[in-house]
Amino acid sequence: MPRQFFRLIAAASVLLSACTPPPSPPDNVILFIGDGVGAAYWTAARLASPAMAIDQFQIMGLVDTRSSDSDITDSAAGATAYSAGVRTFNGAIGVDADAAVVPTVLEVARDQGWATGLVATSSLTHATPAAFAAHQPSRNMQNEIARDIAESGVDVLLGGGRRWFDGAVRTDSVDLLSSLGEAHTMISTPEELEAVDVAAATRLVGLFADNHLPVAAERAPSLPAMTRTALEILNHDPDGFFLMVEASQPDWRGHDNAPIEDVVAEMLDYDSAIGEALAFQAVNPGTLIVVVADHETGGLAIATETDSLGVTSTVAHYTTTGHTGQMTPMFVSGPGSERFGGIIDNWRVGEILMELVRR
């Protein structure tokens, strides 16, 4: 074909793009972080369950998870990349590579009048949830992280970590539970979570364990139950909301080189929580859902073994008890999702989230 034809096509495409209005930004943002969840973790879950919520996502990608000082990130730097759109050093909570405080997407959403929430199956002072509402040079500074969270103005906090807020236990005797209780409804049991009047509640703190919640098979409340309650409460805000939900414990099963059944239990709990978000999105289509992982743990591979009786079973094989540098899968749905596909750096995911939340 003549070269002029292609020039005309290109010119027409530019003109069409100029006339097409930009897509509307999301009304709400739900960010899921599966700690340690590489592709093999999703494979294990999908082999165990024929129907997965994650199957509904149409836009996918791979995330380069390295930190500023290592090809192998830890959860603190990995979460800070998502929360603040910066690549930082291992151990850093809400600070950049020079240890300078940086705003997080949760804080930007809060300052614009959005409701905000953090949900995790770990202590809320653990690296991933901490990176969204705290600013400390070390993830180990949990007294300081708890104070930051208590002062952050987050509307819904659901997870573990009561000991870090309790003045009777804290080494500095500062009572953060009382200050949280002044502005929030406080609960501490699964039964109390079930009984929350979500039609009336606007701010809620649920600390269901002194430190971390139990493993998935023994966990109450479940991650889906906490996610559903958080969504129902945060949705009262007409300005929108930002919610981060972490499945904290796939990572720990990887560190333990746990049997595949234990990995599957964590992943199905996680997938069910994502299902709650998809059900919410079906009624509220202005909602963006992003599903990522901070890193992969264990170098997990799915294989088969045949025992002495000739019985073949699916098993988990690991290459390490630590983190790996594998790229991790990402799944996105909703307004703005077209910006996330392909291979992308972890900090760039955070940067895009920040751009979508800012108005």
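Trainee: I'd like a description of the overall build of the chain, backed by residues and values.
Mentor: A count of helical and extended segments in the chain gives twelve helices and 14 strands. For the chain, whose C-alpha radius of gyration is 21 Å, the value lies close to the compact-globule estimate of 21 Å for 359 residues. Along the first, second and third principal axes, the C-alpha atoms of the chain reach 80 × 60 × 45 Å. Residues classed as buried in the chain amount to 55% of the 359 residues present. For the chain, long-range pairs separated by at least 24 residues make up 71% of all intrachain contacts whose partners lie at least 6 apart in sequence. Per element, the accessible surface of the chain, about 14800 Å² overall, is 53% carbon and sulfur.

Trainee: Tell me about the packing of aromatic side chains, and please be specific about residues and values.
Mentor: The full count for this structure, using the stated rule, is six aromatic pairs. An aromatic cluster is built from Phe32, Trp42, Phe57, Tyr270 and Phe331, whose rings are joined through pairwise contacts. Taking NZ or CZ as reference, Arg163 lies 4.4 Å from the ring centre of Trp164, over its face.

Trainee: Which residues make up the side chain of Thr128, and what values go with them?
Mentor: Mapped onto the elements, Thr128 comes out in helix H5 (residues 127-133). Residues in contact with Thr128, not counting those within four places in the same chain, are Ile33, Asp35, Ser75, Ala79, Met244, Glu246 and Asp294.

Trainee: Describe the pattern of salt bridges, with residues and values.
Mentor: Tallied over the full model, the rule gives 15 salt bridges. With a closest N to O distance of 3.2 Å, Arg139 and Asp74 form a salt bridge. Here the residue Arg139 occupies a position in the loop between H5 and helix H6 (142-150), and Asp74 occupies one in the loop between strand S2 (59-64) and helix H3 (75-84), the gap between them amounting to 65 residues. For Arg139, a relative accessible area of 24% translates into the label partly exposed.

Trainee: So what's going on with the environment of Ala134? Which residues, and what values?
Mentor: Structurally, the position occupied by Ala134 is in the loop between H5 and H6. The class for Ala134 is buried, based on a relative accessible area of 0%. With 97 residues separating them in the primary sequence, Ala134 and Leu231 have C-alpha atoms 22 Å apart. With residues up to four places along the chain from it excluded, the contact list for Ala134 reads Ile93, Gly94, Ile145 and Asp148.

Trainee: Can you tell me about helix H9 (residues 223-234), naming the residues and giving the values?
Mentor: The α-helix winds at 3.6 residues per turn, so residues separated by three or four positions along the chain end up facing the same way. If you check H9, its first and last C-alpha atoms are 16 Å apart, about what twelve residues at 1.5 Å a residue would give, namely 16 Å. The buried count for H9 comes to ten of twelve residues, which makes it a mostly enclosed element. The N-cap of H9, judged by a side-chain oxygen 3.2 Å from the amide nitrogen of Ala225 a few residues on, is Ser222.

Trainee: Please provide a residue-by-residue account of a nonpolar patch on the surface, values included.
Mentor: On the surface, a nonpolar cluster with roughly 270 Å² of combined accessible area is contributed by Leu62, Met327 and Ile343. On the basis of relative accessible area, Leu62 is assigned to the partly exposed category, the value being 35%.

Trainee: Tell me about the sheet that holds strand S5 (residues 185-187), and please be specific about residues and values.
Mentor: The ten strands are arranged S5-S6-S4-S3-S7-S1-S8-S13-S2-S14 in an open sheet whose pairing can be described as mixed. Across the chains shown, the open sheet's two edge strands, defined by having one partner strand only, are S5 and strand S14 (342-345). Taken pair by pair, the neighbouring strands of this sheet meet at an average axis angle of 15°, ignoring direction. Looking at chain direction, strand S3 (residues 115-123) and strand S4 (residues 156-160) are connected through four bridges and run parallel.

Trainee: Provide a residue-level description of the packing of H9 against helix H11 (residues 260-283), including the pertinent values.
Mentor: Helix-helix packing is described using two parameters, namely the angle between the two axes and the distance between the axes. Contact geometry for H9 and H11: axes closest at 8 Å, N-to-C directions at 25°. When the axis of H9 is compared with that of H11, the two are roughly parallel. The two elements H9 and H11 cross, and the hand of that crossing is right-handed. Counting all contacts with H9, which are made through Leu223, Pro224, Thr227, Arg228 and Leu231, the residues of H11 involved are Asp269, Tyr270, Ser272, Ala273, Glu276, Ala277 and Phe280.

Trainee: Go over the side chain of Ser152 with me, naming the residues and quoting the values.
Mentor: Counting through the fold element by element, Ser152 comes out in the loop between H6 and S4. On the accessibility criterion, Ser152 (6% relative accessible area) is buried. A distance of 3.4 Å separates a polar atom in the side chain of Ser152 from the backbone nitrogen of Val154. If sequence neighbours within four positions are ignored, Ser152 has contacts with Arg110 and Ala133.

Trainee: Residue-level account of the pairing of strand S13 (residues 328-333), with values.
Mentor: The element S13 is extensively covered by neighbouring structure, given that six of its six residues are classed as buried. Going residue by residue along S13, you find Thr328, Met330 and Val332 tucked away on one face and Pro329, Phe331 and Ser333 tucked away on the opposite face as well. Bridge analysis of S2 against S13 gives five bridges, and the strand direction is antiparallel. Along S13, the bridge assignment pairs Met60 with Phe331.

Trainee: Outline unusual backbone geometry, listing residues and values.
Mentor: Omega for the peptide link from Ala220 to Pro221 comes to 5°, which places this bond in the cis form. Of note, Pro221 is situated in the loop between strand S6 (204-207) and H9. A positive phi angle is found at Ala99, which is not glycine, with a value near 70°. Among the residues examined, Ala99 registers a relative accessible area of 40% and is labelled partly exposed. Its identity as a non-glycine residue notwithstanding, Asn257 has a phi of 50°, on the positive side.

Procedures and definitions
Residues numbered from 1 in each chain as written. Predicted model: local features only at pLDDT ≥ 70, side-chain atom pairs only at ≥ 80, totals over all residues. Heavy atoms only, no water. Helix = DSSP H or I, 4+ residues; strand = E, 2+ residues; numbered from the N terminus. Rg over C-alpha atoms; globule rule 2.2 N^0.38 Å. Buried < 20%, exposed > 50% of the residue type's maximum accessible area, 1.4 Å probe, protein only. Contact = heavy atoms within 4.5 Å. Areas by Shrake-Rupley, 256 points an atom, 1.4 Å probe, with all protein chains shown as cover. Phe/Tyr/Trp six-rings, centres within 6.5 Å; stacked < 30°, edge-to-face > 60°. Lys NZ or Arg CZ within 6 Å of the ring centre and 35° of its normal. Salt bridge = Lys/Arg side-chain N within 4 Å of Asp/Glu carboxyl O. Expected span 1.5 Å × (residues − 1). Polar contact = N/O pair within 3.5 Å; in protein donor to acceptor, adjacent residues only side chain to side chain. Patch = residues over 30% accessible without salt bridge, like charges linked within 9 Å, V, L, I, M, F, W, Y side chains within 5 Å. Pairing = 2+ DSSP bridges. Axes fitted to C-alpha atoms, helices over the stretch in contact; angles between N-to-C directions. Parallel < 35°, antiparallel > 145°, perpendicular 65-115°, else oblique. Left-handed = near helix turned anticlockwise from the far one by under 90°.

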